[in-house]
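Reading the structure
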Amino acid sequence: MAELESYVVNTLIDMYGKCGQLKDARSVFDRFQHRDVVTWTCMIACYTWHKKGPEAIDLFQKMHEAGVESNKVTFVNILKACSTLAAWNQGRKVHIAIVEGGFHLDLFVGSVLIDMYGKCGAIYDAYRVFSTMSKRDVVMWNAMLWTCSYYGSPDDVFSMYQSMLEEGILPDAITFTSIIRACTSLLSPNHGRSIHLCICRYGLDREILVGNSLIDMYMSCKCIVDAFQVFELMLLRDVVTWSSLIAGCAEQGRIEDTLQLFFCMKKDGVEPNEVTYLSIVKACSNPASFDLGKLIHGCIIESGHDVDQCIKSSLIEMHSKCGRFEDASNIFDRGETKDVVAYGTMLAACAQNRDFESAIHYFEAMKHNSLSPDAKVFVCLLSHAMYTWLQP
């Protein structure tokens, strides 16, 4: 009877967690007196799924204090919680508990440990775990490659990839995203094209994850023709695919391509995100494209992205660069929340408009809102001061 009761409670916690009802899940957990390792793990997993790292770690500590021993699933979930917080100290403690519990040689636990150290930027700790494993699967190699691609050198990534092949492990789409990232950091289209050929040989060239990475790499290397070729061959395209291409075109000043891609994206039924809008607003930040900029501004308001501080700052910049200082000021004044970037952009608009009085007003308002000025703010103020001083 007790086992049946535990099963029902654990299932309820799991159900509420998957439905996003964390308060209900916790209420069921708190009311149940006979909690076993599965009950504790279910509740920890709920917090981990929903990026509630502090709550997961707090519950894990209470589980330890209650004398309940963790299992493999508990450790995997608490390590993921540490990853989301980049909580290296807590992760180290969990690692010690994993060794004490005898789970340190488990493939899945080892992969999550490497991922946790990687997310904390602790590449040497990640490699120590990796090197002690007697067996390694593609998931573990991918975790190590990801860590090297962010915190190691491109040579580390290529060397690791070669070792992986020598060990007889077949790469997958995730493997190649890390290798492509290394090529991107080198800004080496030749390396990138070589890897692209390998991807084609493995039949992964039409994977959306790989395609998106290739587009980003080619655009970063200013190989726009290669990027469009990858785009055209992709069977599926998501918002990242379109946004990568749009951002690359905007960065290279290809305004017509940027705008055409944006409207094709909308026509294709893909909803733009913040990255898309930032790129498209940048492309419209000149008087010749201002009419289109106003149209894009309308799309942004309609989609609800106008509350995003980065987009708001970009709109302010677009209007000021097009000589619409009053419109820029109106955009700034809308909404209660304003960050240092928005103030900096508004001060830059004042500098462009030679409006020293307004600049002082915005600077004082910034101080009043307890925001610390950054370098951009001081450069704008110095620009105003120099301009005023040089006037006859």
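Here, every reference points to the structure presented above.
In this convention, every chain numbers its residues from 1, walking through the sequence in written order. Note on the predicted model: pLDDT of at least 70 is required for a residue's local features to be given, and 80 or more for side-chain atom pairs to be given and counted; whole-chain, interface and lining totals, by contrast, use all residues. Side-chain metrics rest on all non-hydrogen atoms present in the structure, leaving aside hydrogens and water.

Let's talk about the packing of aromatic side chains
How two aromatic rings sit relative to each other is given by the distance of their centres and the angle of their planes. Stacked, edge-to-face and tilted labels apply to pairs of Phe, Tyr and Trp rings (six-membered ring for Trp) whose centres lie within 6.5 Å, assigned for plane angles under 30 degrees, over 60, and everything in between, in that order. Overall, the coordinates contain 12 aromatic pairs when judged by the stated rule. Their ring planes at 45° and their centres at 6.5 Å tell us that Y150 and Y151 sit as a pair that is tilted. With a centroid separation of 5.4 Å and an interplanar angle of 75°, the aromatic rings of F262 and F263 are classed as edge-to-face. Exposure remark for F262: the relative accessible area of 0% places this residue in the buried category. Put simply, the rings of F60, F75 and F103 touch in pairs and so form one group of aromatic residues. Criterion for a charge above a ring: Lys NZ or Arg CZ within 6 Å of the ring centre, and within 35 degrees of the ring normal. Cation over ring: R136 sits above F130, and NZ or CZ is 4.3 Å from the ring centre. A 1.4 Å probe rolled over the protein chains alone gives each residue an accessible area, and that area as a share of the maximum for its type sets the label: buried under 20%, exposed over 50%, partly exposed in between.

Notes on the pattern of salt bridges
What makes a salt bridge here is a side-chain nitrogen of Lys or Arg within 4 Å of a carboxyl oxygen of Asp or Glu, nothing more. Applying the stated criterion across every chain, the model contains 13 salt bridges. Among the salt bridges present, the one from D226 reaches R193, with a minimum N-O distance of 3.1 Å. Placement of the pair is D226 in helix α14 (residues 224-233) and R193 in helix α12 (residues 189-201), with a sequence separation of 33 residues. We classify R193 as partly exposed; its relative accessible area is 31%. The partner of D291 in a salt bridge is K294, with the nearest N and O atoms 3.9 Å apart. With D291 and K294 both in helix α18 (residues 290-303), this residue pair falls three residues apart, about one helical turn. Under the DSSP-based scheme used, a helix requires at least four consecutive residues in state H or I and a strand at least two consecutive residues in state E, with every element numbered from the N terminus.

What to know about the packing of helix α7 (residues 107-119) against helix α9 (residues 138-151)
Packed helices, taken two at a time, are described by the angle between their axes plus the distance between the axes. Packing of α7 against α9 leaves a shortest axis separation of 8 Å and a crossing angle of 10°. By the criterion of interaxial angle, the relationship of α7 to α9 is roughly parallel. Taken together, the residues of α9 that come into contact with α7 (itself represented by L107, G110, S111, I114, D115, G118 and K119) are V139, M140, A143, M144, W146, T147 and Y151. Each residue is assigned to one class: nonpolar for Ala, Val, Leu, Ile, Met, Phe, Trp, Tyr, Cys and Pro, charged for Asp, Glu, Lys and Arg, and polar for all the others, Gly among them. Among the residues making up the contact of α7 with α9, the classes are represented as eight nonpolar, four polar and two charged. Inter-axis angles, ranging from 0 to 180 degrees, are taken between N-to-C directions of lines fitted to C-alpha atoms, where helices are fitted over the stretch in contact. Roughly parallel means an angle under 35 degrees; roughly antiparallel means over 145; roughly perpendicular covers 65 to 115; every other angle is labelled oblique. Any two residues having at least one pair of non-hydrogen atoms within 4.5 Å are treated as being in contact.

Here we look at the environment of Y150
Structurally, the position occupied by Y150 is in helix α9. For Y150, a relative accessible area of 44% puts it in the partly exposed group. Sequence-wise, Y150 and I123 are 27 residues apart; in three dimensions their C-alpha atoms are separated by 9.2 Å.

Some thoughts on helix α19 (residues 309-321)
In a helix, the anticipated span is given by 1.5 Å times the number of residues less one. The terminal C-alpha atoms of α19 lie 18 Å apart, and with 13 residues this matches the ideal 18 Å at 1.5 Å per residue to within 8%. With 10 of its 13 residues buried, α19 lies for the most part within the structure. Considered for burial, the residues of α19 that qualify are Q309, I311, K312, S313, S314, L315, I316, M318, H319 and S320. On the buried face of α19, the contacting elements are α17 (274-283), α18, α20 (325-333) and α21 (340-352). Pairs of N or O atoms are called polar contacts if they sit within 3.5 Å, as long as, within protein, a hydrogen donor faces a hydrogen acceptor (for residues adjacent in sequence, only side-chain-to-side-chain pairs). If you check the start of α19, you find a side-chain oxygen 3.0 Å away from the backbone N of C310, and it comes from D308.

Digging into the environment of Q309
Tracing the backbone through its elements, the reader meets Q309 in helix α19. Note on Q309: relative accessible area 17%, which makes it buried. Note: C-alpha distance between Q309 and T337 (28 residues apart in sequence) is 8.2 Å. The contacts of Q309, once residues within four sequence positions are left out, are T337, K338, D339 and A342.

Side note on the side chain of T41
Mapped onto the elements, T41 comes out in helix α3 (residues 37-49). With near-sequence residues (within four places) excluded, T41 lies in contact with N71, V73, T74 and N77.

Details of the nonpolar core
Residues I13 and F176 are the most contacted members of the largest nonpolar core, which totals 110 residues. Each residue touching F176, except ones within four places of it in the same chain, is listed here: Y161, P171, I195, C198, I199, Y202 and L204. Definition used in this section: a nonpolar core is a set of buried Ala, Val, Leu, Ile, Met, Phe, Trp, Tyr and Cys residues joined via side-chain atoms within 4.5 Å.

Focus on the packing of helix α13 (residues 208-220) against α14
Interhelical geometry of α13 versus α14 gives an angle of 165° and a closest axis separation of 8 Å. The orientation of α13 with respect to α14, classified from their angle, is roughly antiparallel. The way α13 lies across α14 gives a crossing that is left-handed. Side by side, α13 and α14 meet where G211, L214, I215, Y218 and M219 of the first sit next to I224, D226, A227, F228, V230 and F231 of the second. Classifying every residue of the contact of α13 with α14 by side-chain character gives nine nonpolar, one polar and one charged. Each helix crossing is assigned a hand: it is left-handed if the near helix lies turned anticlockwise from the far helix by less than a right angle, otherwise right-handed if that turn is clockwise.

As for unusual backbone geometry
The backbone phi angle of K51 is positive, close to 60°, even though this residue is not glycine. As for its placement among the helices and strands, K51 is situated in the loop between α3 and α4 (53-65). Phi at K222 is positive, roughly 60°, even though this residue is not glycine. Locating K222 in the fold gives a position in the loop between α13 and α14. Residue classification places K222 among the exposed positions, given a relative accessible area of 60%.

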